[in-house]
Amino acid sequence: MITLKKVQTKKDLKTFVTFPFTLYKDSEYWVPPIISDEMATLTKGKNPALEHADAQLFLAYKNKTVVGRVAAVVNWTEVNEQQIKKMRFGWFDVIDDYAVSEMLLNKVIEIGKSHNLEYIEGPVGFSNLDKNGALTEGFNHIGTMATWYNHPYYIAHFEKFGLETEKEYIESKFDFRTVPVERFKRVNSLITKRYNLKPLSFTNSKDIIPHLDAMFELFNNSYSKLSTFVPISNKQQEYLKKKFISFINPEYIKFVFDKNNKMIAFAIVLPSFSKALQEAKGKLFPFGFLKLLKAKKNSKTALFYLIGVEPHYQNKGVTAIIFEEFHKSLSKNGIHTCIRLPELADNYASHQIWKDFNCEIIKRRKTFKKTI
C-alpha cells in the first residue's frame, strides 16, 4: 500500500532532501546537492522565493520505506501579476513504480484545483534560476550542480499519466581549445570602438559585489521576453548573492559597460563541481568544503551559466567582448571543456551566439504539462 505524508518537520525535510541519495546510490552520473543548502532552499524564512510562493512537500511511502517525493509549488507572482494559472511541481523523484508517480502527481493536481489553476507543469523550481526539466536524452553524461538528473523511466511515467511536452531545453559542450579566438579579437576591437564599450574582469570576489544589483536588473531586463520568465525580487537577489558568491571563481564573471558606466552585458561561468560534489556526498564537513575549494581552483571543465545582454545591444556583437575576456581567463587556468547549461530549444537568438563554437548537444530535457 502506498501512502503520502506531507513534510512538516525538520526531520521530514531531511528525509525529503536525502531520498535521492538512496535512489541514485549506484549512479555514476547523478550529482548530489549539499544537504544543508538544499534544506535551506526549501525552508520558508530562509529562501526569499517562498515569500512569493507556496511550496508543499510530500513523501510517498510503501511498507514504511520512502519510494517517492514531490514539491507542489504555486508562484503567486506568476499567478496574480502575470496571470499565468500554473501549478508547478518539482523535486520529483520516484522508484520505478507508476502507481507512486500517479499518486504524487494527483496530489499536485488536487492542490492546483484548490487554487483554481488551469494546468500543472514540471519538473520546475520556483523561478528561472532554479533547476528545471526532466532529462530525456544524455543519461550517460555526468550531471551538474545546476541541473536535475533522473532515471529514464520518469518520462514513461509522465507520458502514461497524460503529461505532454511543454518546453524543451538543450545542453551542449565544446572543446575550448578550438574556439576561434582571433575572430573574436577582431570583432571585439570593432565593437568596443564603435559603441565606446569597456569590459571589466576581476581577481577578487569582494570587487564583484558592488556590481551585482546592476547585474540582476540587467538579468530581469534581458530575460523578460522568455516564456519561462518570472522576475527575481530584491530579497531573492540578496539570497542568491550569498548562496553563489562562494562558488564563483572571480575570474569567471565578466561585465561590459557603456560610455556612461551603465552595465550592458554580463556573463557568469562556473567551474565544474560535479566530481567534488559526488565525493563530498552532500556534506561540507569535515572534508567536503576542501574538495569544492580544490575544484573551484583546479577544475578543467567550465559551465556557461548565464549570459545577459541589454536588448538594445543584442545582435551587435557584444558577446565577442565577453568571449575574448573569457579566453584570457580560461586559457590561463587550463580549461579544456566547456558546457552550456540548459537553454530553451527555441531560443534561437542564444543559439546564434554559439554558432562558431562547434557545439555538440549532449543532453535534452523537457518540462511536461497537463490541463487540470
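Residues numbered from 1 in each chain as written. Predicted model: local features only at pLDDT ≥ 70, side-chain atom pairs only at ≥ 80, totals over all residues. Heavy atoms only, no water.

Caption draft 1: Molecular detail of the layout of surface pockets. Roughly 280 Å³ of volume is contained in the second largest pocket. Lining of the second largest pocket is provided by 16 residues; of these, I142, S272, S274, T301 and I339 occupy positions nearest its centre. Listing elements by their share of the lining of the second largest pocket, those giving two or more residues are strand 7 (164-175), helix 9 (274-280), strand 11 (301-309), strand 12 (337-344) and strand 13 (360-371). For the lining of the second largest pocket, a count of residues per class yields four nonpolar, eight polar and four charged. (1 Å grid on protein atoms, 1.4 Å probe; cavity = no way out; pocket = protein on both sides within 12 Å on 5 of 7 lines; lining within 4 Å. Points joined across faces, edges and corners; volume = space filled by probe spheres on them. Helix = DSSP H or I, 4+ residues; strand = E, 2+ residues; numbered from the N terminus. Nonpolar A, V, L, I, M, F, W, Y, C, P; charged D, E, K, R; others polar.)

Caption draft 2: Seen up close, empty space enclosed by the protein. Following the criterion strictly, the structure yields six cavities of 30 Å³ or more and no others. Computed from the structure, the largest cavity encloses a volume of approximately 500 Å³. In terms of lining residues, the largest cavity is bounded by 29 residues, among which T41, K131, M145, K243 and F244 are the most central. Secondary structure elements with two or more residues in the lining of the largest cavity: helix 2 (35-41) and helix 8 (234-244). With five residues, helix 8 is the largest single contributor of residues to the lining of the largest cavity. Here the lining of the largest cavity is built from residues that sort into 19 nonpolar, five polar and five charged. In this structure, the second largest cavity encloses a volume near 200 Å³.

Caption draft 3: Inspection of unusual backbone geometry at higher detail. Omega for the peptide link from G122 to P123 comes to -5 degrees, which places this bond in the cis form. Mapped onto the fold, P123 is located in the loop between strand 5 (119-122) and strand 6 (134-137). Each neighbour pair has its own omega, and for F285 with P286 the value is 10 degrees, a cis peptide bond. Checked against the element boundaries, P286 lands in the loop between helix 9 and helix 10 (288-298). Phi is positive for N261, which is not a glycine, with a value near 60 degrees. Its place among the elements puts N261 in the loop between strand 9 (253-257) and strand 10 (263-271).

Caption draft 4: Here's a closer look at a positive patch on the surface. Positive charge collects at one region of the surface, where K10, K14, K46 and K283 lie side by side. Counting through the fold element by element, K10 comes out in helix 1 (residues 10-23). (Patch = residues over 30% accessible without salt bridge, like charges linked within 9 Å, V, L, I, M, F, W, Y side chains within 5 Å. Areas by Shrake-Rupley, 256 points an atom, 1.4 Å probe, with all protein chains shown as cover. Salt bridge = Lys/Arg side-chain N within 4 Å of Asp/Glu carboxyl O. Lys, Arg positive; Asp, Glu negative; His and termini not counted. Charge placed at Lys NZ, Arg CZ, Asp CG, Glu CD.)

Caption draft 5: Spotlight on the nonpolar core. Within the largest apolar cluster, 56 residues are counted, with the highest numbers of intra-cluster contacts made by F16, F89, F92 and F158. The set of elements that each furnish at least two residues to this core consists of helix 1, helix 2, strand 2 (53-62), strand 3 (65-75), strand 4 (86-94), helix 4 (98-114), strand 6 and helix 5 (153-161). Ignoring sequence-local partners within four residues, the contact set of F158 consists of F89, F92, L105, P123, A134, L163 and F368. Judged by nonpolar contacts, the second largest core, of 36 residues, contains L129, F202, L270 and L306. (Core = buried A, V, L, I, M, F, W, Y, C linked by side-chain atoms within 4.5 Å. Buried < 20%, exposed > 50% of the residue type's maximum accessible area, 1.4 Å probe, protein only. Contact = heavy atoms within 4.5 Å.)

These results come straight from atomic positions and should not be treated as a statement about function.
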